[in-house]
Amino acid sequence: MPKIAFIGTGGTIASIGSGPFDLLDYNASNARVNARAILDRTGLAETIGDIVPIDFRTFDSSAVSHTDWSELADLCWELAQDTSLTGIVIGHGTATLEETAWLLSLVLDLNVPVILTGAMRPLSGLSSDAGANLAAAIHVADAAYRGRNCGVFVVLNNEIHAPRTVTKAHTLRLNAFKSPWEGPIGTVDGLAVRFTRQELHRRPLSFGRGLLRKLPRVDIAYSYVGADGCAIKAFVNAGARGVVSAGFGPGMGTPAETKALAEAIEAGVIVVQSSRTGAGKVVDSAGHRDLGIIAGNDLSPQKARIVLALCLARGDTRDEIGRAFQSI
Ligand code: ASP
């Protein structure tokens, strides 16, 4: 019989608004319930076997810190030591869900699948997607375990996404989670779970969980017309060991930003170039190499930031970090 741990971390999937029609401003009540209460309210405790509620946090996911990541990864590892466990489902706020999923996919190598899910409408709301998403995540955990497919997956709105590609692409809609240009790696309709793109399940890179206890400061500088590099200089002054440039389309900032990045590199900061476009690869071009900038491949700025921070925590050299990004 499946035995699945359900870790509650808060988020909209755990949120209680002022009433059934409070679908937008429910954060004002700041009321979120624990894993057991989510199972009780959704009636999912015995959906598909033994669902074990595990309390972790009840916060808004905008508050997730590096320490929370470290403790969550350790918790997953500890839970997976129970050989009777067949899967882990994490209820997470959708604001930073894609970052936590990507992070966990880089540091966990477990014998059970880890599924992150959330909701776009609060648990207490009329037509909330909390129960449906949680049920789908539980079914995917079971199917993935039976298929020996023990990676990290994101499940919302009947779709299974890879942590690498998935992003929250709408502030409010139920189908907010997308993998732009790539699409989902599977679907779930009731009990019917279908993985359609197996090749994305492999781990692109792997890092030790212990690195999460010493992640250095890495910031993201967002490009826009007229950006003068002030933010980049401020990040360096604040002690950033790395800066990810969320640049224009192909992967570049304004001339003033490029100058500020060159100065940062001169000062020993590692710079990774990504793009603000939301999809597509930043090419490892001669121009980037001449400047000492590492091309961020097809990772979004927030996911490139995680890889850079992990590489720096591991003590990688600039060349090693460049190779890591090209090998993803
Ligand atoms: N405010 C929420 C969060 O914790 C948003 C959500 O979960 O949809 O990220």
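In the annotation of an unreviewed UniProt entry, the entry for the protein chain reads Asparaginase, and the organism field reads Pelagibacterium nitratireducens. Of the comments in the UniProt record for the protein chain, the one headed Sequence similarities (unreviewed entry) reads "Belongs to the asparaginase 1 family."

(A) Structural context of the overall build of the protein chain. Tallying secondary structure elements over the protein chain gives 9 helices and 14 strands in all. The C-alpha atoms of the protein chain give 20 Å as radius of gyration, which agrees with the globular expectation for 328 residues (20 Å, within 12%). Its C-alpha atoms give the protein chain principal-axis dimensions of about 60 × 40 × 35 Å. In the protein chain, buried positions account for 56% of the 328 residues. Partitioning the contacts of the protein chain with sequence separation of at least 6, the portion at a separation of at least 24 is 73%. When the accessible area of the protein chain is evaluated, it comes to approximately 13,900 Å², of which 51% is carbon and sulfur surface. Seen as two clouds, the 31 positive and the 32 negative side-chain charges of the protein chain have centres 2 Å apart.

(B) Region of the structure containing the sheet that holds strand 4 (residues 114–117). Pairing within the open sheet is mixed, and its 8 strands lie in the order 2-1-3-4-5-6-9-10. Looking at strand neighbours, the two that pair on one side only are strand 2 (50–59) and strand 10 (192–195), the edges of this open sheet. On average, adjacent strands in this sheet sit at an angle of 20 degrees to one another, irrespective of strand direction. Pairing geometry for strand 3 (residues 87–91) and strand 4, over 4 bridges, is parallel. By the bridge assignment, Gly 91 is partnered in strand 4 with Thr 117. Contacts from helix 4 (residues 130–146) reach strand 1 (3–10), strand 2, strand 3, strand 4, strand 5 (152–156), strand 6 (159–161), strand 9 (186–189) and strand 10, with the element oriented near 165 degrees to strand 4.

(C) Spatial organisation of the packing of helix 5 (residues 230–237) against helix 6 (residues 255–266). Where helix 5 meets helix 6, the closest approach of the two axes is 8 Å, and the angle between their N-to-C directions is 20 degrees. Judged on the interaxial angle alone, helix 6 and helix 5 are roughly parallel. Relative to helix 6, helix 5 is oriented so that their crossing is right-handed. Packed against helix 5, whose contacting residues are Ile 232, Lys 233 and Val 236, the element helix 6 presents Glu 257, Ala 260, Leu 261, Glu 263 and Ala 264 at the interface. Class assignment for the residues of the contact of helix 5 with helix 6 results in 5 nonpolar, no polar and 3 charged.

(D) Layout of the packing of aromatic side chains. For the structure shown, the criterion picks out 1 aromatic pair. Ring geometry for Phe 153 against Phe 195: centres 5.2 Å apart, planes inclined by 55 degrees, an arrangement best described as tilted. Highlighted residues: Phe 153 in strand 5 and Phe 195 in strand 10, separated in sequence by 42 residues. Directly above the ring of Phe 56 sits Arg 57, whose terminal nitrogen or CZ lies 4.0 Å from the centroid. Over the ring of Tyr 145 we find Arg 148; its NZ or CZ atom is 4.8 Å from the centre of that ring.

(E) A look at the UniProt feature "domain: Asparaginase/glutaminase C-terminal" (unreviewed entry) in the protein chain. When the UniProt feature table is mapped onto this chain, "domain: Asparaginase/glutaminase C-terminal" (unreviewed entry) is found at residues 217–325. Secondary structure content for residues 217–325 is 44% helix and 17% strand, while the C-alpha to C-alpha distance between its ends is 18 Å.

(F) Geometry of the site of the ligand. Around the ligand, the neighbouring residues are Gly 11, Thr 12, Asn 27, Asp 60, Ser 61, Gly 93, Thr 94, Ala 95 and Ala 119. Note that an oxygen atom of the ligand is positioned 3.0 Å from one of the backbone N or O atoms of Ala 95. A distance of 3.1 Å is found between an oxygen atom of the ligand and a backbone nitrogen or oxygen belonging to Ala 119. Bound to the protein, the ligand loses 92% of the 260 Å² it would expose on its own. Considered class by class, the residues forming the shell around the ligand number 2 nonpolar, 6 polar and 1 charged.

(G) Representation of the sheet that holds strand 14 (residues 294–295). Taken in spatial order, the 4 strands line up as 11-12-13-14 in an open sheet, and their pairing is parallel. In this open sheet, the two edge strands, each paired with only one partner strand, are strand 11 (218–222) and strand 14. Note: strand 13 (residues 270–275) against strand 14, 2 bridges, orientation parallel. Across the sheet, Gln 273 pairs through a bridge with Ala 295, a residue of strand 14. The sheet contacts of helix 8 (residues 301–314) involve strand 11, strand 12 (242–247) and strand 13, and relative to strand 12 the element is tilted by about 160 degrees.

(H) Fine view of the pairing of strand 2. Sheet topology note: the strand 1/strand 2 ladder contains 7 bridges and is parallel. If you follow Ile 4 over to strand 2, its bridge partner there is Ile 51. Assessed by its sense of winding, the connection that carries the chain from strand 1 through helix 1 (residues 35–42) to strand 2 is right-handed.

The rules we used
Residues numbered from 1 in each chain as written. Predicted model: local features only at pLDDT ≥ 70, side-chain atom pairs only at ≥ 80, totals over all residues. Heavy atoms only, no water. UniProt positions renumbered as here; feature names shortened; annotations may be inferred. Helix = DSSP H or I, 4+ residues; strand = E, 2+ residues; numbered from the N terminus. Rg over C-alpha atoms; globule rule 2.2 N^0.38 Å. Buried < 20%, exposed > 50% of the residue type's maximum accessible area, 1.4 Å probe, protein only. Contact = heavy atoms within 4.5 Å. Areas by Shrake-Rupley, 256 points an atom, 1.4 Å probe, with all protein chains shown as cover. Lys, Arg positive; Asp, Glu negative; His and termini not counted. Charge placed at Lys NZ, Arg CZ, Asp CG, Glu CD. Pairing = 2+ DSSP bridges. Axes fitted to C-alpha atoms, helices over the stretch in contact; angles between N-to-C directions. Parallel < 35°, antiparallel > 145°, perpendicular 65-115°, else oblique. Left-handed = near helix turned anticlockwise from the far one by under 90°. Nonpolar A, V, L, I, M, F, W, Y, C, P; charged D, E, K, R; others polar. Phe/Tyr/Trp six-rings, centres within 6.5 Å; stacked < 30°, edge-to-face > 60°. Lys NZ or Arg CZ within 6 Å of the ring centre and 35° of its normal. Near = heavy atom within 4 Å. Polar contact = N/O pair within 3.5 Å; in protein donor to acceptor, adjacent residues only side chain to side chain. Right-handed = clockwise from strand over helix to strand, strands pointing away.

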